Amino acid sequence: MYLLIFGPPGAGKGTQSLLIAGRLGIKHLSTGEVLRKAVEDETELGKKAKEIIESGSLVSDEIMVGIIYDALKNGEMKNGFILDGFPRTLKQAAALDVLLSELGFPPVKVINIHVDEDELVKRMLGRGRKDDTEDTIKHRLKVYREQTMPVNSHYLKKSIVFNIEGNGTIEEINDRILKMLKSC
Ligand code: AMP
């Protein structure tokens with residue numbers, strides 16, 4: 001299966017995509033993780049991305065599309081993938097459409113997780129990540145509403161979108177996702 005997992009920061013995309021990837025035997029790619037690793041390793045990418053991540057803004061489309069292009073081209077995604085945290089802008093979504101079709105991938109399905117904003121803030125404050133301070137969280141939610149929400153409409157027009165209620169335990173949400181995926 002070729003999946004995108006979509007939803008606001010704190011919705012549980014990382015946790016759920018790891019579970020789904022394990023269950024379906026597909027490759028999990030989190031762009032946030034790629035960036036955090038680059039920051040930790042102090043690579044050129046990491047140096048460029050550090051302040052942006054810590055402020056809760058978005059790394060440039062050019063850099064992000066480059067990361068996805070490399071991953072799609074090197075063959076590790078050809079038997080299935082779940083992309084976690086990408087695309088986050090309409091430009092990234094358009095670039096992904098082109099890349100997938102040029103590289104001969106089948107159409108993607110989108111898992112769209114919905115969680116109430118109060119619950120999102122609570123979850124993020126509990127994670128203890130460096131970009132999970134109260135101010136950064138507010139900023140990331142704003143960035144999500146302004147830049148990432150429109151990506152959902154892009155997929156509603158052209159792909160299968162599964163809307164998942166993301167309140168509940170990790171297992172409950174995972175069951176909902178797997179049931180939805182089986183039904184298609
Ligand atoms: P995440 O782990 O998905 O919450 O991502 C952490 C941070 O990495 C985000 O707040 C952004 O600063 C950056 N990031 C991750 N994915 C992307 C993307 N597709 N486009 C731009 N920035 C991203």
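Residues numbered from 1 in each chain as written. Predicted model: local features only at pLDDT ≥ 70, side-chain atom pairs only at ≥ 80, totals over all residues. Heavy atoms only, no water.

Q: Sorry if this is basic, but what is going on with the overall build of the protein here?
A: When you go through the protein residue by residue, the secondary structure sums to eight helices and five strands. Order of helices (α) and strands (β) in the protein, N terminus to C terminus: β-α-β-α-α-α-β-α-β-α-α-β-α. Along the first, second and third principal axes, the C-alpha atoms of the protein reach 40 × 35 × 30 Å. Counting all 184 residues of the protein, 43% fall into the buried class. (Helix = DSSP H or I, 4+ residues; strand = E, 2+ residues; numbered from the N terminus. Buried < 20%, exposed > 50% of the residue type's maximum accessible area, 1.4 Å probe, protein only.)

Q: Can you help me understand the packing of helix α2 (residues 31–40) against helix α3 (residues 44–55) in this one?
A: Helix-helix packing is characterised by the crossing angle of the two axes and by the distance between the axes. Following both chains from N to C, one finds α2 and α3 inclined at 115°, their axes separated by 8 Å at the closest point. One element, α2, and the other, α3, form an angle in the roughly perpendicular class. When the axes of α2 and α3 are compared, the crossing they make is left-handed. Taken together, the residues of α3 that come into contact with α2 (itself represented by Leu35, Arg36, Ala38 and Val39) are Leu45, Gly46, Ala49, Lys50 and Ile53. (Axes fitted to C-alpha atoms, helices over the stretch in contact; angles between N-to-C directions. Parallel < 35°, antiparallel > 145°, perpendicular 65-115°, else oblique. Left-handed = near helix turned anticlockwise from the far one by under 90°. Contact = heavy atoms within 4.5 Å.)

Q: Can you help me understand the site of the ligand in this one?
A: Close to the ligand lie 16 residues; Thr31, Arg36, Ser57, Gly85 and Gln92 are nearest. Arg36 is positioned such that a nitrogen or oxygen atom in its side chain is 2.9 Å from an oxygen atom of the ligand. One of the backbone N or O atoms of Gly85 is found 2.9 Å from a nitrogen atom in the ligand. Compared with its free state, where it exposes 480 Å², the ligand has 96% of that area covered by protein. Sort the elements by how many residues they give to the shell around the ligand and α2 lands first, with four residues. (Near = heavy atom within 4 Å. Polar contact = N/O pair within 3.5 Å; in protein donor to acceptor, adjacent residues only side chain to side chain. Areas by Shrake-Rupley, 256 points an atom, 1.4 Å probe, with all protein chains shown as cover.)

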